[in-house]
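Listed below are the residues making up each chain.
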Amino acid sequence: MNRTACLLILSLVIVESQAQLTLTEVSSEQGFSDVTGASCDWIEVMNSGDESISLEGYSLSDDNDDWDAWTFPEHLLAPGEYLLVLASGKDKPYLAEDWAFVVVDNVQWQYLVPSASLGDAWIQNDYNDSNWSTGTGGLGYGDGDDGTTVQNANSVFLRKEFNVNDVEDLGYMAFSIDYDDGYIAYLNGTEISRSETMAASSGAFNEVAGANSEAVLYTGGQPDVMHWEAEEIEALLVDGTNVLAVQVHNVSNTSSDLTARPFLALTSKTGMELNGESEPDWWPNLSSWMHTSFKISSGESIILSDPTGALVDVAPVNPLLRSGLTMGRAEGTTEGWCIFDTPTPGLSNAGSTCFEGIESPPVFSAPSGWYENGLAVNVTGDTENSVIRYTNNGDVPNEGNAFIASDAITVNGTTVMSARAWSADGTKVPSTVSDATYFLNEFNPDLPVISLITDYDNLWDWNSGIYVFGANAEDNYPHFGANFWQPWSKPSRLQLFDESGSLEVEETLDLEIHGGWSRAEPQRSFRLDFKSQYSGPLDYTLFDEKPEISAFNNLNLRNGGQHSWATKLQDAAICRMALETHNEAGAWQPVLVYLNGEFWGLYGAREKMDEHFVADNFDVDASEVDLMNSWGVLNGSGNSFYSAVNSLLSTPTNNSNYYNLFASNFDVENYIDYFVFETYAQNTDWMGIAWGTNNVKCFREPESNVWRYILYDNDASFGFFGASYWENFIEYARNP
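For clarity, every value in this text was computed on a predicted model and none was experimentally measured.

Reading guide: rules and limits
Residues numbered from 1 in each chain as written. Predicted model: local features only at pLDDT ≥ 70, side-chain atom pairs only at ≥ 80, totals over all residues. Heavy atoms only, no water. Buried < 20%, exposed > 50% of the residue type's maximum accessible area, 1.4 Å probe, protein only. Helix = DSSP H or I, 4+ residues; strand = E, 2+ residues; numbered from the N terminus. Contact = heavy atoms within 4.5 Å. Polar contact = N/O pair within 3.5 Å; in protein donor to acceptor, adjacent residues only side chain to side chain. Core = buried A, V, L, I, M, F, W, Y, C linked by side-chain atoms within 4.5 Å.

A. Representation of helix α5 (residues 611-618). Those residues of α5 that fall on the buried side of the exposure criterion are E611, F613, V614 and A615. Buried residues in α5 make contact with β43 (584-585), β45 (598-607), β46 (626-629), β47 (632-635), β48 (697-700) and β49 (707-711). You can read the cap of α5 off the contacts: a side-chain oxygen lies 3.0 Å from the backbone nitrogen of H612, and it is on D610. Downstream of α5 by a residue or two, D619 has a phi angle that is positive, lying close to 55°.

Here's what the structure looks like:
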């Protein structure tokens, strides 16, 4: 008998005799967001006794050989109280509570209305601001909430010093600012936040905000609050003196108002006194949760043990658990486990239906692939009592839209078949969907084939389908307002076959329409987003150009751009050539696409130009990537970029140190090759040459720590949109 079986048997005895602290619900498929917005697995613990219990010394584990993998701190659990613990792997045995406001708006600030550039020295914590003015916050004019009036200024710069005794003891940090019209905030010289109205700003003192943005506190509103976790705080703060520096910009110096009211708050992991101000009345109630040092995998067991190491409870995690399902105990019981299809994290399980298990996915007698003539397909479940329902239009089968597969199903043409299993007596949760794609009397593929399978309404419903015009489409091309212009995602499935027709991988994903104006072409591009809440990354080496990349968080299936009717190869050809230089560009693989069994044509599978592209190509973590486009930060931080730009703009180009300064911040070879390609190809849809500042992205990864540009979307090159070879694109690039 293995140890897991012994644990289960022993837990029945222990829970019966020591039924005060129990595991009541577990999710191995995320489903609950923490204070930063990340979705996490979770464990629910309940005190079912009549007395409060101190959790100090109790442990949770997913390892049968290490029961004290994660230990609770001092925390009192009242009778009948539920405690939700997030199994995120972040290891946080503390909560975001007892906020200490080390910076508030209505204290004394050092401030300056600048009349010349200060460079970036003023945002550092060793800057001497003794010649600045001192005034009570908030600063500004026009709204009646100003402690110090600063009239008719384009911008005002503020500094506030504060002390931290032990940065390693800090658990969470929060920043908020009530502002009008734009701001950029820094901690010890590092940018931590900026408003959307300053997204494209270099931070120059004489710049104005890009749009109006009204302050909210003076009318009873509540500004946004941003959060940082312990590991992020350690890179921002130091033991001793720190400084919060903020620059607030008006939309113009004739604006009717200006507001600058910043707040910075910290929490302690251990309850240490942080010597901050009390919480403002408007501050939101910020919920937080402890985090274990492990994540949960289906099929393992969650073990709860007491301070002596004795077993208290065990939760066996069903290997068929999926998103939306949890393991739990029926309300009022301490024995046996249910499957719930309505999770209740941190709450009572009363009212939740207790299912005995989960039906296994049905099996097709004929595998997906290419066939001549017709075939008969049998679909079976794991028991004789399983009821199999199927569809052939891409819909996920349910009790109202599907046929019952009681006999062999005749297939006479290319089609998709989707099936699920139900228990005849309703005691189990229905299975996940099984899909098959049958290509009958079709040509043999010489290219990879992608079969996309999704509910019919996801594509074609007039109100919600992503492929159709819908009720709000404009008459003229590119039909703005159409459904295919909406940022809608639809749960879908995928089967990928190699060049020989062999099924290589099946995934569940979110399906979106991709692209700019090319969305209006009859053959639309798709974005495939392989999320962890489904089956996770696409595990397949798709691109011969990049055999080292074998998993993808997302992919684009491009139609070839707005001139797909002429050629689908231009951007792909340019990017392939670029990969032979110091350019960073996406790989290309032509594929044949079927949509719910219907041939949808030739597409180009491409890497999506996001933080995952950088992570895949440079073997780093996506969370460590800084990525920007023309309009702002897409991932990570832009403070290094803005700091580099400010330094370069304030340094004469004939300065002997200019090249070294540039090379310390930008990859010179990448920079040269990027601009050579874009200007030689005369890409009209770039740098604001003909339209908005389109198709410009740059990134920084932690290994080289320099900024690089990404070459992409070259469909408007070589005069395709009307540019002449007489036009000087070098000058366009220098002065966009």
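B. Spotlight on the environment of G601. Its location among the elements puts G601 in strand β45. With 10 residues separating them along the chain, G601 and V591 place their C-alpha atoms 8.5 Å apart. Residues within four places of G601 in sequence aside, it is in contact with Q523, V591, L592 and V593.

C. A look at the nonpolar core. Residues L237 and L244 are the most contacted members of the largest nonpolar core, which totals 35 residues. Of all the secondary structure elements, the ones that give two or more residues to this core are β8 (100-103), β9 (108-112), β11 (139-141), β13 (155-164), β14 (170-180), β15 (182-187), β18 (240-249) and β19 (258-268). Counting residues per element, this core draws most heavily on β14, which supplies 5 residues. Once residues within four sequence positions are removed from consideration, L237 is found in contact with F162, V164, V167, L170, M173, L187, N188, N242 and L266. Core analysis: the next-biggest nonpolar cluster, separate from the first, contains 32 residues, I450, L496, F552 and A605 among them.

D. Molecular detail of unusual backbone geometry. For the peptide bond that leads from G137 to G138, omega is -5°, which places it in the cis range. Within the secondary structure layout, G138 lies in the loop between β10 (133-136) and β11. The step from D180 to D181 runs through a cis peptide bond, and the omega angle for that step is 15°. Along the chain, D181 turns up in the loop between β14 and β15. One non-glycine residue, D98, lies in positive phi territory at about 55°. Secondary-structure assignment places D98 in the loop between β7 (82-87) and β8. For D98, a relative accessible area of 68% translates into the label exposed.

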